[in-house]
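Next come the chains, spelled out residue by residue.
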Amino acid sequence: MPLGDLMLGVWILALTGSADAFTTRIHISLANDIREALLQTGNRIPLQMGEQAVVLSDENASAIVDHPLEFRAGAIGPDNFVFPGMTDPSHAIGLRPYDQCQILLDMALTPPERAYALGCFLHGSTDAVAHHYVNAMSGETFSLNPISTGRVEDWSNVIRHMVAEEMIQEAAVTLRPDSFDAAHLMHTIPEDFVVRSYYDEDSPLWLAMSIHARAKHDATVAANPDAALPDIVAASGLAPAEHLLMLPVYTRMLGYLVDDLRGDIEATRDRYLDPLTLEGAELDVGPGPDGLLGTLDDSSGCSWDCPTAYATYFTCLGLLVPRQDAAGNPLESAFDKIAADVLTDLYAILPAVVHTVNLLSARLNEPVIAGAAGFDYDLADLDAVTAPMDEAVSELVLVDYETLVQTAAPPFLLAVEAFLESFGIGGAVSSVVASLMQPYLDAIEEVIETKVLGAVEAYAEEYIAEYEANSGSTEKEYAVRLAAASPKSLGGTALDHWYD
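Rules and cut-offs
- Residues numbered from 1 in each chain as written.
- Predicted model: local features only at pLDDT ≥ 70, side-chain atom pairs only at ≥ 80, totals over all residues.
- Heavy atoms only, no water.
- Disulfide = S-S within 2.5 Å.
- Helix = DSSP H or I, 4+ residues; strand = E, 2+ residues; numbered from the N terminus.
- Buried < 20%, exposed > 50% of the residue type's maximum accessible area, 1.4 Å probe, protein only.
- Arc of directions from axis to C-beta.
- Polar contact = N/O pair within 3.5 Å; in protein donor to acceptor, adjacent residues only side chain to side chain.
- Axes fitted to C-alpha atoms, helices over the stretch in contact; angles between N-to-C directions.
- Parallel < 35°, antiparallel > 145°, perpendicular 65-115°, else oblique.
- Left-handed = near helix turned anticlockwise from the far one by under 90°.
- Contact = heavy atoms within 4.5 Å.
- Phe/Tyr/Trp six-rings, centres within 6.5 Å; stacked < 30°, edge-to-face > 60°.
- 1 Å grid on protein atoms, 1.4 Å probe; cavity = no way out; pocket = protein on both sides within 12 Å on 5 of 7 lines; lining within 4 Å.
- Points joined across faces, edges and corners; volume = space filled by probe spheres on them.
- Nonpolar A, V, L, I, M, F, W, Y, C, P; charged D, E, K, R; others polar.

On to the state of the cysteines, then. Across all of its chains, the model carries 2 disulfides by this definition. Across the disulfide, Cys101 is cross-linked to Cys120 (sulfur-sulfur distance 2.2 Å). The sign of the S-S torsion, about -65°, decides the handedness of the disulfide formed by Cys101 and Cys120: left-handed. Residue Cys101 is found in helix 5 (residues 97-107), and its partner Cys120 is found in helix 6 (residues 111-138); the two are separated by 19 residues along the sequence. Cys120 shares its class with Cys101; the two are buried. Put simply, Cys302 and Cys306 are joined by a disulfide, and their sulfur atoms are 1.8 Å apart. Looking along the S-S bond of the Cys302-Cys306 disulfide, the torsion reads about 95°, which is the right-handed sense. When the bonded cysteines of the chain are numbered from the N-terminus onward, they pair as 1-2, 3-4.

Time to look at helix 21 (residues 401-408). Every buried residue of helix 21 is listed here: Tyr401, Leu404, Val405 and Ala408. On an axial view of helix 21, the arc spanned by its buried residues comes to 95°, and they lie on one face. With respect to the buried face of helix 21, the exposed residues turned more than 90 degrees away are Glu402, Gln406 and Thr407. You can read the cap of helix 21 off the contacts: a side-chain oxygen lies 3.3 Å from the backbone nitrogen of Glu402, and it is on Asp400.

With that out of the way, let us pick up the packing of helix 1 (residues 24-41) against helix 3 (residues 68-75). Helix 3 packs onto helix 1 with a crossing angle of 135° between their chain directions and a minimal axis gap of 8 Å. With respect to each other, helix 1 and helix 3 are oriented oblique. Classified by chirality, the crossing of helix 3 by helix 1 is right-handed. Contacts between helix 1 and helix 3 involve His27, Ile28, Ala31, Asn32, Ile34 and Arg35 from the former and Pro68, Phe71, Arg72 and Ala75 from the latter.

With that settled, consider the packing of aromatic side chains. Inspection of every chain in the model, using the stated rule, returns 7 aromatic pairs. With a centroid separation of 6.3 Å and 50° between ring planes, the pair formed by Tyr272 and Tyr313 is classed as tilted. Separated by 41 residues along the polypeptide, Tyr272 in helix 14 (residues 247-273) and Tyr313 in helix 16 (residues 307-320) bring together distant segments of the chain. Relative accessible area serves as the criterion here: at 0%, Tyr313 is assigned to the buried category. With a centroid separation of 4.8 Å and 50° between ring planes, the pair formed by Tyr310 and Phe314 is classed as tilted. Placement of the pair is Tyr310 and Phe314 together in helix 16, with a separation of 4 residues, close to one helical turn.

A few words on the layout of surface pockets. Volume-wise, the largest pocket comes out at about 1,000 Å³. Along the walls of the largest pocket sit 26 residues, with Leu30, Asp33, Gln48, Thr126 and Val129 positioned nearest its centre. Where the lining of the largest pocket is concerned, the elements lending two or more residues are helix 1, strand 1 (44-46) and helix 6. Tallying contributions element by element places helix 6 first for the lining of the largest pocket, with 6 residues. Partitioned by chemical class, the residues of the lining of the largest pocket number 19 nonpolar, 4 polar and 3 charged.

The following block contains the structure:
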């Protein structure tokens, strides 16, 4: 199977009724044809079989001519939303897919972004033609719950669609192999534009695309007002594509955990200050020279002989009090610095998703060799292209707490650490910071890694197995049907005359 067909295959995650009708390489090839026409005419795209032409504004024509890499990327953009193949949000947006393209065009701020948005229109107009052929060959519209299996979830319809698209590409490559070399397939997704358009809660495009997913999510939250976000995600009934669509919401809600962490630290401190609690009775905190409780000079009834209690209480204090720089100027607290770093890492996940899409799109649109066949995309490829997402999640949840304490903690906490180490109790403060923070980071990881991204590999494995088992017989069926439908005088099938 040529790699381009994987744009709708390997990453099929709970699609319902929308799909590409050309492989992404065919979309790129058509984008090149459009640009070539503009290079020859300035702003006119002649139509076949007549004297008519499409006339573009000078601004739009220039964007396409001057920024071919972005125009090509836009021509496959609706197949690249979230992950290739998970295209229900970008193909079925309110059942008005051209609205997506118009919103993109309205949001474009630069010529490359405009070129990308114009590519979206090309994608829609060419799919509108090709869907008829592909649906006729496969027997029905694209669905994981096809009529042919009584609406039971099944890959058969997906495979039939993929094979029809693959055969178009194979014919096109045979007829015009130079159109599918590296230079003609290279493309660039304007990542900042995609993040701003598709992954921002204030974006009109995201609001339009997420309306159904948000309704399900909001209903789940309303029915479970006290549930943690991982439980909300699990109970919402959203498809994996919808979960990825909801990442802006999830990251915002996960950001709230930082405030919860502050409250947890404050509550822990207060338990040690209360002599009626087990913690307070053990540590026996008293006011220091300043006469105030809850300050760094507090005394305690034990220290090295109750290292966990001692380290926990004074770590909570040390995390919350303001720090000072070398000149004595006030700085944010250690907690505020740690929280800012956590939020930075959290919101880096959205750009990492788009960067992963860019890498995957480049991988799936590598040059095609005429006559090549077979499935040459495997899970090793998957690991390579998902590296930006994996690294972003790891950066967030795999914290070196010893280094964190050394870089973020005020001198007071370092003194506590050194004091306990003098009694052979090493890493007490960093252990306390880990015990306070890690449960919250684990919750973040559960949502993003396990619930949202974790299904990708399983679906990829399942799709690969199904395709390898069933694509050959489907291709033979289509070849017989195409031959029977073609007049003998034609010389081959309709696909052999694709460009005519």
